[in-house]
Amino acid sequence: MRISRRTVAAGGWAALAGAVSGGVFVAVAEVVALLAAREAGPLIAVGSFVIDIVPRWAKELAIELFGSNDKLFLLSSLGFAVFVAAAVVGILELWRRWVGVALFGVAGIAAVAATVTRADASPLGFLPSTIGALAGAAALYLLVGALRRWRDARDHDSATAGVDRRRFLLFTGAGAAFAVLAGVGSQLGSAATSSIAAIRAALHLPAPLSRVTVPAGADLHLKDLSPLFTPNKDFYRVDTALSVPSIDPSNWRLTIDGMVEQRAEFSFRDLLSMGLREYAITLTCVSNQVGGNLLGNARWLGVPVREVLAHARPRNGADMVLSRSIDGFTAGTPLSALTDPGRDAILAVGMNGEPLPLEHGFPVRMVVPGLYGYVSATKWLTELKVTTFATDQAYWTPRGYSEKAPIKLSSRIDTPRIDRSLSAGPTKIAGVAWAQTVGIQKVEVQVDGGPWQQAQLAAPINADTWVQWSLDWNATSGSHTIAVRAIDRAGRLQEEKRTPIAPNGSTGWQSTLVRVG
Ligand SMILES: Nc1nc2c(c(=O)[nH]1)N[C@H]1C(S)=C(S)[C@@H](COP(=O)(O)O)O[C@H]1N2
Ligand SMILES: [Mo]
């Protein structure tokens, strides 16, 4: 078969018509979502579906490559995929009338399915993708129809070809302009009217009954060393939420159910009236690589989980609490870790002197010392189900991570670093070490394979927070290897052997190369 230049050119115009129609589909759906059913835009719904089904290695890779920008990357890739797919649909519609329109229908049904099966789906959640698909299909029918007329007129060398061409270009240009304006407008409108940020800003938490006492000398205040408390804006963020859930504290309810004597419900006010205390706890992600920065230390304001659970009276035989987020995420925490009076497992409402930031779980999240975030630190918390490990599985369990995951004893070098220049002379090697619930006894540093030298330890706030350490070093010109390892208060040495983050956290001593200029 010979494909003529004209066929190729028509195919190109059809691809453009398809892409523009795809844009109309998404933009109309986003506008309807803004008006009728927030959180029900098709891109977010399909993206969230992708997050839940992609294999573990793909998620690890995304976090590894893009860190906290992993979601931006996912949304851009998804946008690009929609663009390409819509272009192909345009070509198919030119080839056979109604084929492309039918495919838009299928895409609409898939998007509706992804939206209405979300945990936070609203009753009108089906509307945005339905109306978007209708608009996109209509645009496709119209644009490709105009293209056909232009092509047929041209084939017959008719004088009307010029008119048909202009009409096609005009429709396509108008469609593209509409899609861009509606798309951008819906995003701006959504940002401007998201009232939760304003509600949070106006919220005043009551003064705590007790505050964290930070001993003198807990912060070494060294240049390039992590500050003792991680500012909220620098605090790592890891979650499966493609759009940050919006919860109005005045509508928020926490339900405690499952294996309990008495089902209980708490409002935000109920929690506050229990009296807030301040706790210093270092939160750590299981995805933190050796030397990585997926951990942070904060002052949390909250109430003990055990006091809240006590209202419901957990039954004998229960060994797990499945905490649930409004977006469907779940974590499974040993009941004993939550009821242990010696462990400050809390429901947190404040972080470093402010209400929880929206991305960190506003209005209420869990924080449990000594357990990785994925088995304990549920953000946007809505339910605590008292149950057993035998009955219920949390989000990450079927996805290749351990059911139980205590944080592993570890240490990190913050300075010097391979990517920062260092000149010869006296300097400091410094970093942080953590062994939540046990505490750090000693940190040792090795330079160029020499003897392990004991670093100076800052005064610890408590056993649940990281500790800063430092060692004086006279840096000489050339390349050097610096390694670190920690020993906890139980006398255990940090694991030397390297293991990957899955299934329950990385191990290994960090060793870093530095060049002294
Ligand atoms: N709702 C919800 N809560 C969640 C998660 C999540 O995906 N969804 N991720 C958990 C994980 S894996 C970690 S490490 C911590 C991270 O908390 P941060 O983002 O406030 O640092 O939140 C936990 N809570
Ligand atoms: Mo995590």
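In what follows, the accompanying structure is described. (Residues numbered from 1 in each chain as written. Chains lettered and ligands numbered in written order. Predicted model: local features only at pLDDT ≥ 70, side-chain atom pairs only at ≥ 80, totals over all residues. Heavy atoms only, no water.)

Here's the deal with the overall build of the protein
Working step 1: When you go through the protein residue by residue, the secondary structure sums to eleven helices and 18 strands.
Working step 2: Seen along its three principal axes, the alpha-carbon backbone of the protein occupies a region of about 90 × 65 × 45 Å.
Working step 3: Here the protein, with 517 residues, has 50% of them falling under the buried criterion.
Working step 4: Total accessible area on the protein stands at roughly 23600 Å², and carbon and sulfur atoms take up 59% of it.
Working step 5: When the 49 basic and 41 acidic side-chain charges of the protein are each reduced to a single mean position, those positions are 6 Å apart. (Helix = DSSP H or I, 4+ residues; strand = E, 2+ residues; numbered from the N terminus. Buried < 20%, exposed > 50% of the residue type's maximum accessible area, 1.4 Å probe, protein only. Areas by Shrake-Rupley, 256 points an atom, 1.4 Å probe, with all protein chains shown as cover. Lys, Arg positive; Asp, Glu negative; His and termini not counted. Charge placed at Lys NZ, Arg CZ, Asp CG, Glu CD.)

Describing the site of ligand 1
Working step 1: Around ligand 1 sit 19 residues, and of these Tyr236, Thr240, His360, Arg365 and Lys379 come closest.
Working step 2: Within the backbone of Tyr236, an N or O atom sits 2.7 Å from an oxygen atom of ligand 1.
Working step 3: Between ligand 1 and Ser325, the relevant distance is 3.1 Å, taken from a nitrogen atom to a side-chain nitrogen or oxygen of the residue.
Working step 4: Here ligand 1 has 530 Å² of accessible area as a free molecule, and 99% of this is covered by the chains.
Working step 5: Split by residue class, the shell around ligand 1 holds nine nonpolar, five polar and five charged. (Near = heavy atom within 4 Å. Polar contact = N/O pair within 3.5 Å; in protein donor to acceptor, adjacent residues only side chain to side chain. Nonpolar A, V, L, I, M, F, W, Y, C, P; charged D, E, K, R; others polar.)

A look at the packing of helix α2 (residues 42-53) against helix α4 (residues 70-95)
Geometry of a packed helix pair, given as the angle between the helix axes and the separation of the axes.
Working step 1: Following both chains from N to C, one finds α2 and α4 inclined at 115°, their axes separated by 10 Å at the closest point. If you check the angle between α2 and α4, you find them roughly perpendicular. Classified by chirality, the crossing of α4 by α2 is right-handed. Note on element contacts: α4 touches α2 through Leu74, Leu75, Leu78 and Val82, opposite Leu43, Ile44, Val46, Gly47, Val50 and Ile51.
Working step 2: Looking at side-chain class alone, the contact of α2 with α4 contains nine nonpolar, one polar and no charged residues. (Axes fitted to C-alpha atoms, helices over the stretch in contact; angles between N-to-C directions. Parallel < 35°, antiparallel > 145°, perpendicular 65-115°, else oblique. Left-handed = near helix turned anticlockwise from the far one by under 90°. Contact = heavy atoms within 4.5 Å.)

Regarding the packing of aromatic side chains
Working step 1: According to the stated counting rule, one finds 13 aromatic pairs in the structure shown.
Working step 2: An aromatic cluster is built from Phe329, Tyr374, Tyr395, Trp396 and Tyr401, whose rings are joined through pairwise contacts.
Working step 3: We note Arg56 situated over the ring of Tyr401; from NZ or CZ to the ring centre the distance is 5.5 Å.
Working step 4: Positioned above the aromatic ring of Phe389 is the side chain of Lys404, whose terminal nitrogen or guanidinium carbon lies 4.6 Å from the ring centre. (Phe/Tyr/Trp six-rings, centres within 6.5 Å; stacked < 30°, edge-to-face > 60°. Lys NZ or Arg CZ within 6 Å of the ring centre and 35° of its normal.)

A short note on the pattern of salt bridges
Working step 1: Evaluated as defined, the whole model comprises 23 salt bridges.
Working step 2: A salt bridge links Lys71 to Asp70; the nearest nitrogen and oxygen atoms lie 3.8 Å apart. The exposure classification of Lys71 matches that of Asp70, with both residues buried.
Working step 3: It is possible to trace a salt-bridge network through shared partners that takes in Asp70, Lys71, Arg237, Asp239 and Lys379. (Salt bridge = Lys/Arg side-chain N within 4 Å of Asp/Glu carboxyl O.)

Description of the packing of helix α1 (residues 5-36) against helix α5 (residues 99-116)
Working step 1: Here α1 crosses α5 at 30°, and the two axes come no closer than 12 Å. Judged by the inter-axis angle, α1 sits roughly parallel to α5. Pair α1 / α5 crosses with right-handed handedness. Two secondary-structure elements touch here, α1 through Gly18, Ser21, Gly22 and Phe25 and α5 through Phe104, Ala107 and Gly108.
Working step 2: Residue composition of the contact of α1 with α5, grouped by class: three nonpolar, four polar and no charged.

Quick notes on the environment of Arg237
Working step 1: By the element assignment, Arg237 lies in the loop between α8 (195-202) and β1 (253-258).
Working step 2: Counting along the chain gives 162 residues from Arg237 to Leu75, while the straight-line C-alpha distance between them is 17 Å.
Working step 3: Side chain to side chain, Arg237 and Asp239 meet in a polar contact 2.8 Å long.
Working step 4: At 3.2 Å, the side chain of Arg237 forms a polar contact with the backbone oxygen of Ala241.

A closer look at the sheet that holds β1
Working step 1: If you walk across this open sheet you meet the five strands as β2-β1-β10-β5-β6, and the pairing is mixed. A single partner strand is all that each edge strand has here, and the edge strands are β2 (264-267) and β6 (330-334). Adjacent strand axes in the sheet meet at a mean angle of 20° when their direction is disregarded.
Working step 2: Where strand β5 (residues 320-325) meets β6, five bridges bridge the pair, whose relative direction is antiparallel. Paired with Met320 across the bridge in β6 is Pro334. (Pairing = 2+ DSSP bridges.)

Considering the environment of Ser48
Working step 1: Structurally, Ser48 is set in helix α2.
Working step 2: With a relative accessible area of 5%, Ser48 lands in the buried category.
Working step 3: With 78 residues separating them along the chain, Ser48 and Phe126 place their C-alpha atoms 16 Å apart.
Working step 4: Other than its neighbours up to four places away in sequence, Ser48 contacts Arg118 and Leu242.

Honestly, it's all geometry; don't read function into it.
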